[in-house]
Structure formats: C-alpha cells, structure tokens
Amino acid sequence: MGRTADASLRGKKPSNTAGVTKRNAVTSNPSKIKNKMKRAEMYGKYLTEKKKTKRSDRLKRAKEAAALGDDDTCVKQTPRTLDNTREVEDTMVDATDVEVNGDECEDEFAEYFADTTRPKLLLTTRPKPSGELFKFVGDLMQLIPNMFYYPRRAYGMKDICKFAANKKFTHLVVLSEKSKVCNGMIVSHLPEGPTAFFKVSNVLSSKHVPNHGAATKHVPELNLHGFGTRLGHRVGRFLGSIFPHNAQFQGRQVVTIHNQRDYLFVRHHRYIFQENTKKQKIENTKDLKTQARLQELGPRFTLKLRWLQEGTFDTQFGEYEWIHKRKEMDTTRRRFHL
C-alpha cells in the first residue's frame, strides 16, 4: 500500500496535528517594511491589535476597581501629559521661598498688589487700524478697569511713552493686527519699565462667546494661575499690575490668566453659588450641597510671551531680560519657561 503524500506537497494547507491555536500578534510598529502594500496591511493589523490590548487592559482595571470598591489604598492611575512630564526647570519657585518673596515685596509691581497705587492705562493701536480692531479695543476697555483709548495717528512709540508718563499713566498698551485680526500686544510699565511683547491668538469677542453675559462696571477679582518659574512670577505680576486690587465682590466677576505650556489663556466670568434643592445624606446628616456656576462674559484670547525688555520701549538700545529663541530653547516639547 502506497504512502500518502504530505498535504503541503498536494497544494493544501497542512493540518494542525498538535491542536495549538496560533495567533500572529503584531507587537511592533511595521514602519521598517519596505513593501508599501504589505506595510499598510501590517500597520492596520498593528493598530487593531493595539486597540484590542488597550480595551482589554481598561476592562481589567475596571473589574479590579469594582472589586476593591471604595478602598482608599487603591492608587489611581494618572494619564501622562506634557504638563506632568515636563522637564525640571532650574528656576522653579517654591511658595515658601523667602528670597523670592522678599524680592517681590520690593519690585516695581509691589505697590499695585498692596493697593497703594491704582493702575491707569493708555490704550492705542497701530497706525491706521481697521474697523475690526476697534471691536477688540472695546472688549479690552470693558475687561480692564480705568483704561482710556487714544488714537495713534502718526506718533512714534517713544513719543507716546513720554506723553503717557506726563499724563500720569502707569501702563501703555499697544495693539497690532494682521488681516484685520489682533496678533500682537505691547505692554509697557511707565515710567521706568519693563516692557513686554505678547503674540495674540484665538481672539473671540464678547458677543461671539456662547451663552455670554453682560459685564458690569464692578472691579473684577483676579486669578493668576500656573506661573511657576522666576520668569513666570515676573510675567504674572506684570500682568497682575494692570488690574486694580480692590475687587468689588458684589459684582461676582473674576478675570483668569491661566498659564499652560507657556500659553496665557485670558478669560472673564461671573460666578454664583447655588444650593441644590435635593438633600443628600452625608455622614448620617442632611446637608445641602453648594455648587459654583460660571457664566462667561468675554472676551477670550491667548497670549504668548516673545520678549521682556528692561525700561520702556526701545528696540535699538534697550536691554532685554528674556527673548524667546525658538530653535535654541524649544528643543523638546516638554520644556516650558513660565
């Protein structure tokens, strides 16, 4: 009796005599495969396998959390972000640093934070501004108290600084634009500086903010958040000196300047504390849970510091405290300066 030929010799798939289920898992990124069609096929399998693994891990963690219940000893995993994985900055400041606190008590902004001097701002624009820029001018004058607008005309920056200092203005704000959208802001502290230039982006006027409210003339509260380095403290105090520090709490308005990844997000809200009508049992007692609700008033925009200069505006002979040099400073995505 003749021997039966192997299945592979007859053009058939060999049988799995061991009964082992094989799974071709793609565990690495197939970017090194030179064949384009094969690389696309393997990459699709790689993404599918990665999605399945991520989902199974998430379900496993959910089952473990359900089994543990309200166990306080269970450590909750925190996602990796650019903020919590940022490079350690040598100039990071601790809140209890005696030296930094002493310097801030004697700097040029101390009298504003002590409310011994009230800021008075002169606002102007670039020469021949467009009509759209005046909408942002109106929003700024509604956002910042004690701000006055003067037309630019044909005056230079140095002449405007001298005029503002003679009129007892404490700050000068100059807006620039491109394609009828504000893209820059120069802020100068008078009469001895410093001066900063910010790139402006994502400008949204008050009337275009969804479900916006109407701002009142009350002096708002100020919330400076996210400034951790020595440079960040200086920039935060510089921007904080623009606002009066005699907040009128009955207006329930707050201006927030939030630093995240060296972008300064400016927002204007009204808040209200509301008590729920439903009673909740907390530690066998019936208490009312109080919630804080916010209504945005506008405007909203984002600032990015480009340079900080000693003294008033002088691009020819002025000395710079800090200049953002992107190619030299932004070597990684996890390096931030404020």
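Residues numbered from 1 in each chain as written. Predicted model: local features only at pLDDT ≥ 70, side-chain atom pairs only at ≥ 80, totals over all residues. Heavy atoms only, no water.

Caption draft 1: Layout of the packing of aromatic side chains. Overall, the coordinates contain 11 aromatic pairs when judged by the stated rule. With a centroid separation of 6.5 Å and 40 degrees between ring planes, the pair formed by Trp-307 and Phe-313 is classed as tilted. Across the pair, Phe-313 and Trp-307 agree in class, each one buried. By the ring-pair criterion, three or more aromatic residues cluster together here, those being Phe-148, Tyr-150, Phe-163 and Phe-169. Over the ring of Phe-169 we find Lys-120; its NZ or CZ atom is 4.7 Å from the centre of that ring. Note that Lys-304 overlies the ring of Tyr-263, its terminal NZ or CZ placed 4.4 Å from the centroid. (Phe/Tyr/Trp six-rings, centres within 6.5 Å; stacked < 30°, edge-to-face > 60°. Buried < 20%, exposed > 50% of the residue type's maximum accessible area, 1.4 Å probe, protein only. Lys NZ or Arg CZ within 6 Å of the ring centre and 35° of its normal.)

Caption draft 2: Representation of the pairing of strand 12 (residues 300-309) in the model. With 8 of 10 residues buried, strand 12 lies mostly within the body of the structure. As paired elements, strand 5 (residues 195-204) and strand 12 share 8 bridges and run antiparallel to each other. Paired with Ser-201 across the strands is Thr-302, a residue of strand 12. Examined bridge by bridge, strand 8 (residues 263-275) and strand 12 share 3 bridges and lie antiparallel to one another. The partner of Phe-265 across the bridge, within strand 12, is Thr-302. Two elements, strand 12 and strand 13 (residues 320-323), share 3 bridges in a ladder whose sense is antiparallel. (Helix = DSSP H or I, 4+ residues; strand = E, 2+ residues; numbered from the N terminus. Pairing = 2+ DSSP bridges.)

Caption draft 3: Summary view of the pattern of salt bridges. This structure, assessed with the given rule, holds 12 salt bridges. Between Glu-132 and Lys-135 there is a salt bridge, with its nearest N and O atoms 3.4 Å apart. With Glu-132 and Lys-135 both in helix 4 (residues 131-143) and 3 residues apart, the pair spans about one turn of that helix. Exposure remark for Glu-132: the relative accessible area of 38% places this residue in the partly exposed category. For Asp-314, the salt bridge is made with Lys-158, and the minimal N-O distance between the two is 3.5 Å. In this pair, Asp-314 is assigned in the loop between strand 12 and strand 13 and Lys-158 in helix 5 (residues 157-166), connecting sequence segments 156 residues apart. Take Asp-314: its relative accessible area is 18%, and that puts it in the buried class. One salt-bridge network, in which partners are shared between bridges, spans Glu-104, Asp-107 and Arg-237. (Salt bridge = Lys/Arg side-chain N within 4 Å of Asp/Glu carboxyl O.)

Caption draft 4: Here's a closer look at a positive patch on the surface. Taken together, Lys-50, Lys-54, Arg-55, Arg-58 and Arg-61 make up a surface patch of like positive charges. Position of Arg-58 among the secondary structure elements: in helix 1 (residues 36-68). (Patch = residues over 30% accessible without salt bridge, like charges linked within 9 Å, V, L, I, M, F, W, Y side chains within 5 Å. Areas by Shrake-Rupley, 256 points an atom, 1.4 Å probe, with all protein chains shown as cover. Lys, Arg positive; Asp, Glu negative; His and termini not counted. Charge placed at Lys NZ, Arg CZ, Asp CG, Glu CD.)

Caption draft 5: Here's a closer look at the side chain of Glu-177. Summarising the element assignment, Glu-177 is placed in strand 3 (residues 171-178). Despite its burial, Glu-177 remains without a salt bridge, the nearest opposite charge being carried by Arg-126 at 4.3 Å. Reaching out from Glu-177, the side chain makes a polar contact with the side chain of Ser-130 at a distance of 2.7 Å. Residues contacting Glu-177, with those up to four places away along its chain left out, are Arg-126, Lys-128, Pro-129, Ser-130, Leu-133, Cys-182 and Asn-183. (Polar contact = N/O pair within 3.5 Å; in protein donor to acceptor, adjacent residues only side chain to side chain. Contact = heavy atoms within 4.5 Å.)

Caption draft 6: Structural view of the nonpolar core. Core analysis: the largest hydrophobic core is formed by 37 residues, its most contacted members being Leu-175, Met-185, Phe-198, Leu-264 and Phe-301. Sequence-distant contacts of Met-185, defined by excluding residues within four places in its chain, comprise Phe-136, Leu-140, Val-173, Val-174, Leu-175, Ala-196, Phe-197, Phe-198, Val-200, Phe-301 and Leu-303. Of all hydrophobic cores here, the second largest spans 13 residues; its members include Leu-122, Ile-160, Leu-190 and Trp-307. (Core = buried A, V, L, I, M, F, W, Y, C linked by side-chain atoms within 4.5 Å.)

Caption draft 7: Representation of unusual backbone geometry within the structure. Look at the link from Leu-190 to Pro-191: it is a cis peptide, with omega at 5 degrees. Looking at the secondary structure, you find Pro-191 in the loop between strand 4 (181-189) and strand 5. Of note, the amide linkage connecting Gly-298 to Pro-299 takes the cis form, showing an omega dihedral of 0 degrees. As for its placement among the helices and strands, Pro-299 is situated in the loop between strand 11 (290-296) and strand 12. The phi angle at Lys-128 is positive, at roughly 55 degrees, despite the residue not being glycine. If you trace the backbone, Lys-128 turns up in the loop between strand 1 (121-125) and helix 4. A relative accessible area of 78% means that Lys-128 is categorised as exposed.

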